[in-house]
Amino acid sequence: SRIDIGSSAGVPSTPAGESILFPNPFEDFFYCQLNGVSGTKELHLYTLDGKEIFSAVFSENEFFYSRNGLESGTYLYTITNESGVDIATGKITAL
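Residues numbered from 1 in each chain as written. Predicted model: local features only at pLDDT ≥ 70, side-chain atom pairs only at ≥ 80, totals over all residues. Heavy atoms only, no water.

1. A short note on the sheet that holds strand β6 (residues 73-80)
With antiparallel pairing, the 4 strands of this open sheet are ordered in space as β4-β3-β6-β7. Two strands close off the open sheet at either side, each with one partner strand: β4 (52-58) and β7 (86-94). Each adjacent strand pair in this sheet contributes to an overall mean axis angle of 20 degrees, direction not counted. Where strand β3 (residues 41-46) and β4 come together, 6 bridges link them in antiparallel fashion. Across the sheet, residue Lys41 finds its bridge partner in β4, namely Phe58. (Pairing = 2+ DSSP bridges. Helix = DSSP H or I, 4+ residues; strand = E, 2+ residues; numbered from the N terminus. Axes fitted to C-alpha atoms, helices over the stretch in contact; angles between N-to-C directions.)

Pasting the structure below:
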């Protein structure tokens, strides 16, 4: 699957070490803001049964994901740091 990641502006701020994905649920795209983590990070999306459907590496603390044909449903996500340690996890729903 293809993922488009780019900088976002004018998004709500989050405390250091926390992440926020919004809007949730989303239709065409969602933003992620992750503060307090330097270096490269990796976003992983999984189906509810644990199948990874894609991953993407990014270095910015704010980015956006463009849906690109992702089917409607609820997905699990993890964001890992450059050492592979989970720094954020949760669920997000595509309408």
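2. Structural notes on the pairing of β3
If you look at the hairpin formed by β3 and β4, you'll find 5 residues sitting between the two strands, and Gly50 has a positive phi there, around 95 degrees. Taken together, the 5 bridges between β3 and β6 define a ladder with antiparallel strand orientation. Residue pairing for β6: Leu43 is matched across the bridge by Ile79.

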